[in-house]
Amino acid sequence: MELYKNQELKIYNSLTGKKEIFKPINEGYVGMYVCGPTVYSNVHLGNVRTFMSFDMIFRYLKHLGYKVRYVRNITDAGHLENDADEGEDKITKKARLEQIDPMEVVQTYTVDFHNILDTLNFLPPSIEPTATGHIIEQIEVIKTIIDNGFAYEVNGSVYFDVHKFNETHEYGKLSKRKLEDLIHNTRALDGQSDKKNPQDFALWKKADPQHIMRWPSPWSDGFPGWHLECTAMSTKYLGETFDIHGGGMDLKFPHHECEIAQNEAAIGKSPVNYWMHANMLELNGQRMSKSTGNTINPNELLSGNNDKMSKAYSPNVIRFFMAQSSYRSVLDLTDDGLKASEKGLNKLLEAINILDKLNISNESNGFDISLWKEKCYDAMNDDFNSPILIAELFNAAKYINQIKDGTASINSKDLELISNTMNTFVYDVLGLKKQQGGTQDNSDKLGDTVEILIKLRAEARANKDFALSDQIRDELLAIGIQLKDGKDGTTFSTN
Ligand code: AMP
Ligand code: ZN
């Protein structure tokens, strides 16, 4: 029997502001849509955090036995600078600056995105549709919205009529904004815009002559508005109403609010039963963001090649660090935090590693394994509370060490139970990568090896054996490992 039949999963629904019991539309099946990246530059760790939260959610739903169709799109057209309706397309701008075709930009950063996610052990989504691959579907949605009276055309562009929509629907219900407040808080139109009201948003934009990414439509040669692709693609692959829609918190408004409006205007139904928003990753107390430059890329963290952290961290450490806080909390990325996660993770993996070396007794003593297993599920069933799950995994690790030390015991049936449960949650649900022949990643081992060499070099220096200390530094550099002497000692980076 599928696990989900015995489990009561609760999900925090951003639309209602409550934790609700999860009931999919079709029993046994889950449709989940997550807004993917705009592929105009390398993903940063903030982006990664949001996608990792949903990777864990996808993994747990699958573990419960649901057949999950997980759709995560690639935004490769229509996303303008400042997330606005005027200005240059982010991808076109990059193409202009680098003097390459926009689709070369798209290809470069899509490949980068996939490589990073692969390194970090993500499961691929079931479908990964692109905006440019669904222009026809988007045009069809616009036609329906116009026919239903909620959009208007001006000079070849089409805008969603937010004021008209709000007469019969509730614009702002997800982000808890009222149209009156939005009117107060927005500047009046500057006469340049074709919009009736500043709150209206573009469904179709007529392309300027120099705009390369353009498609024919009934209104003009142009391109779709940014919010439209997600409406067209989510309903195409998941149905008019589907179970879960996710994305980063910053997408709640206007992006997701506009998705709801588009769906209701086109189909007459609210698209999503459970809206889920992942919270932001910060760096030094400030949101990681491409626009402010306060970012660190996954590769910089993996190689240690950055000026923010003291060393390199492995993919498993990054995953574990992120899972140690709830997807709904703000998380600050710090060197100390990563170091603590690395230590904790090694402790946990060591405990799993000695499971098959433990002495088996006739009776178990010192730990209620069935109750512990239940608590692991309770944690994940409580809106995917991974930090509580990890605390439970540490409780089990403590018990395992007690068995090793002879202060607790375990029988063979319980050993199998604890072993299966640990493996399930650590590898299948949290998505850590199984290491062959040891507890540590190769990158951890590399780090430890370099630390030994750094120590030997310090000893050589203390003995005034500068020939040897220079030899260690130079030979490491020759194989791409650079030592950096600072006031807190020597650190290293790899390239
Ligand atoms: P973008 O490529 O800018 O459209 O962003 C892709 C995803 O990353 C969106 O779901 C954003 O909400 C998310 N995101 C952007 N910055 C951060 C951050 N600092 N922390 C967490 N998620 C973020
Ligand atoms: Zn979206």
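In what follows, the structure referred to is the one given above.
Residues numbered from 1 in each chain as written. Chains lettered and ligands numbered in written order. Predicted model: local features only at pLDDT ≥ 70, side-chain atom pairs only at ≥ 80, totals over all residues. Heavy atoms only, no water.

S.K.: Just give me the short version of the overall build of the chain, but keep the residues and values in it.
M.R.: Scanning the chain from N- to C-terminus turns up 16 helices and 15 strands. Within the span of the chain, comprising 495 residues, buried residues form 53% of the whole. A sequence separation of at least 24 residues applies to 73% of the contacts in the chain between residues at least 6 apart. Between the centroid of the 55 positive side chains of the chain and the centroid of its 70 negative side chains there is a distance of 3 Å. (Helix = DSSP H or I, 4+ residues; strand = E, 2+ residues; numbered from the N terminus. Buried < 20%, exposed > 50% of the residue type's maximum accessible area, 1.4 Å probe, protein only. Contact = heavy atoms within 4.5 Å. Lys, Arg positive; Asp, Glu negative; His and termini not counted. Charge placed at Lys NZ, Arg CZ, Asp CG, Glu CD.)

S.K.: Report on the site of ligand 1, specifying residues and quantitative values.
M.R.: Around ligand 1 there are 16 residues in total, and G46, T50, D250, L281 and M288 lie nearest to it. A distance of 3.0 Å separates an oxygen atom of ligand 1 from a polar side-chain atom of N47. With respect to ligand 1, the backbone of L281 contributes an N or O atom lying 2.8 Å from a nitrogen atom. Here ligand 1, which alone exposes 490 Å², has 93% of that area covered by the protein. (Near = heavy atom within 4 Å. Polar contact = N/O pair within 3.5 Å; in protein donor to acceptor, adjacent residues only side chain to side chain. Areas by Shrake-Rupley, 256 points an atom, 1.4 Å probe, with all protein chains shown as cover.)

S.K.: Go over the nonpolar core with me, naming the residues and quoting the values.
M.R.: Among the nonpolar cores identified, the biggest contains 121 residues, and L45, L61, F160, L333, F384, L393 and I418 are the most heavily contacted of them. Broken down by element, this core gets its largest block of residues, ten residues, from helix α1 (residues 45–63). Each of domain 1 (3–278) and domain 2 (313–429) accounts for three or more of the residues forming this core. Filtering out sequence-adjacent residues up to four positions away, L393 remains in contact with L348, W372, C376, M422, F425, V426 and L430. (Core = buried A, V, L, I, M, F, W, Y, C linked by side-chain atoms within 4.5 Å. Domains from an automatic or database assignment.)

S.K.: Give a description of the coordination of the zinc ion (ligand 2) that names residues and reports values.
M.R.: For the zinc ion (ligand 2), every protein donor is listed as C35 (SG), C230 (SG) and H255 (NE2), and the spread of their distances is 2.0 to 2.2 Å. For the zinc ion (ligand 2), the donor residues sit on a single chain with the sequence spacing C-x194-C-x24-H. With C35 in the loop between β3 (29–34) and α1 and C230 in helix α7 (residues 226–238), the pair connects residues that are 195 residues apart, well separated along the chain. (Donors = N, O, S within 2.8 Å, 3.2 Å for Na, K, Ca; no water.)

S.K.: Explain the packing of aromatic side chains to me, using residue names and the numbers behind them.
M.R.: This model, assessed by the stated rule, comprises 16 aromatic pairs. Above the face of the F150 ring, K164 is positioned so that its terminal group lies 5.6 Å from the ring centre. Here the guanidinium or amino end of R328 rests over the ring plane of Y12, the centre of that ring lying 3.8 Å away. (Phe/Tyr/Trp six-rings, centres within 6.5 Å; stacked < 30°, edge-to-face > 60°. Lys NZ or Arg CZ within 6 Å of the ring centre and 35° of its normal.)

S.K.: Break down the pairing of strand β5 (residues 151–154) for me, with residues and values.
M.R.: Side-chain positions along a regular strand alternate between the two faces of the sheet. Summarising the sheet, β5 and strand β6 (residues 157–160) pair through four bridges and their orientation is antiparallel. When the bridges of β6 are listed, E153 appears paired with V158. Linking β5 back to β6 in an antiparallel pair, the connection comprises two residues, with N155 at a positive phi of about 50 degrees. (Pairing = 2+ DSSP bridges.)

S.K.: I'd like a rundown of α1, residues and numbers included.
M.R.: Given a rise of 1.5 Å per residue, 19 residues ought to cover 27 Å, and the 26 Å separating the end C-alpha atoms of α1 matches this to within 8%. Within α1, 16 of the 19 residues are buried, leaving the element largely enclosed by the surrounding structure. At the C-terminal side of α1, G65 shows a positive phi close to 100 degrees. (Expected span 1.5 Å × (residues − 1).)

S.K.: So, helix α2 (residues 90–98): which residues are in play, and what are the values?
M.R.: An α-helix turns once per 3.6 residues; consequently, residues spaced three or four apart project the same way. For α2, the complete set of buried residues consists of K90, I91, T92 and A95. On its buried face, α2 is in contact with α3 (102–119). Backbone nitrogen of I91 and a side-chain oxygen of the N-cap are separated by 2.8 Å at the start of α2; the cap is D89. Looking one or two residues beyond α2, the residue adopting positive phi is Q99, at roughly 55 degrees.

S.K.: Can you tell me about empty space enclosed by the protein, naming the residues and giving the values?
M.R.: Tallied over the full model, the rule gives two cavities of 30 Å³ or more. If you go around the largest cavity, you meet 14 residues; those closest to its centre are M52, S53, M56, M322 and A323. Shared between two domains, the lining of the largest cavity holds at least three residues of each, these being domain 1 (3–278) and domain 2 (313–429). For the second largest cavity, the calculated volume is near 40 Å³. Mapped onto the lining of the second largest cavity, the elements with two or more residues apiece are β7 (201–206) and β8 (222–224). (1 Å grid on protein atoms, 1.4 Å probe; cavity = no way out; pocket = protein on both sides within 12 Å on 5 of 7 lines; lining within 4 Å. Points joined across faces, edges and corners; volume = space filled by probe spheres on them.)

S.K.: With reference to specific residues and values, describe the sheet that holds strand β13 (residues 331–333).
M.R.: Spatially, β12-β11-β13 is the arrangement adopted by the three strands of the open sheet, whose pairing is mixed. Bordering the open sheet on either side are β12 (286–287) and β13, each of which pairs with just one other strand. Two strands pair when backbone bridges link them, and strand β11 (residues 281–283) and β12 are joined in this way by two bridges, in the antiparallel orientation. By the bridge assignment, L283 is partnered in β12 with Q286.

S.K.: An account of the state of the cysteines is needed here, citing residue identities and associated values.
M.R.: By the definition in use, this model includes zero disulfides. No disulfide involves C258; its nearest neighbouring cysteine sulfur is the one of C230, lying 11 Å away. Given a relative accessible area of 1%, C258 falls into the buried group. (Disulfide = S-S within 2.5 Å.)

S.K.: For the pattern of salt bridges, give the residues involved together with the corresponding values.
M.R.: Inspection of every chain in the model, using the stated rule, returns 25 salt bridges. Between D382 and K19 there is a salt bridge, with its nearest N and O atoms 2.8 Å apart. Placement of D382 in the loop between α12 (369–381) and α13 (386–405) and of K19 in strand β2 (residues 18–21) is noted, with a sequence separation of 363 residues between them. When its relative accessible area of 28% is taken as the criterion, D382 is described as partly exposed. (Salt bridge = Lys/Arg side-chain N within 4 Å of Asp/Glu carboxyl O.)

S.K.: A description of unusual backbone geometry should follow, citing residues and the corresponding values.
M.R.: Most peptide bonds take the trans configuration, and most residues that are not glycine carry a negative phi. Residue P254 follows F253 across a cis peptide bond; omega there is 0 degrees. Although it is not a glycine, K176 adopts a positive phi angle of roughly 55 degrees. Looking at the secondary structure, you find K176 in the loop between α5 (162–168) and α6 (179–185). On the accessibility criterion, K176 (54% relative accessible area) is exposed.

S.K.: An account of the layout of surface pockets is requested, with residue identities and associated values reported.
M.R.: Taken as a whole, the largest pocket spans an internal volume of roughly 920 Å³. Lining the largest pocket are 36 residues, and of these Y40, N47, K90, D250 and K290 sit closest to its centre. Listing elements by their share of the lining of the largest pocket, those giving two or more residues are α1, α2 and α7. A breakdown of the residues in the lining of the largest pocket according to their chemical character gives twelve nonpolar, 16 polar and eight charged. (Nonpolar A, V, L, I, M, F, W, Y, C, P; charged D, E, K, R; others polar.)

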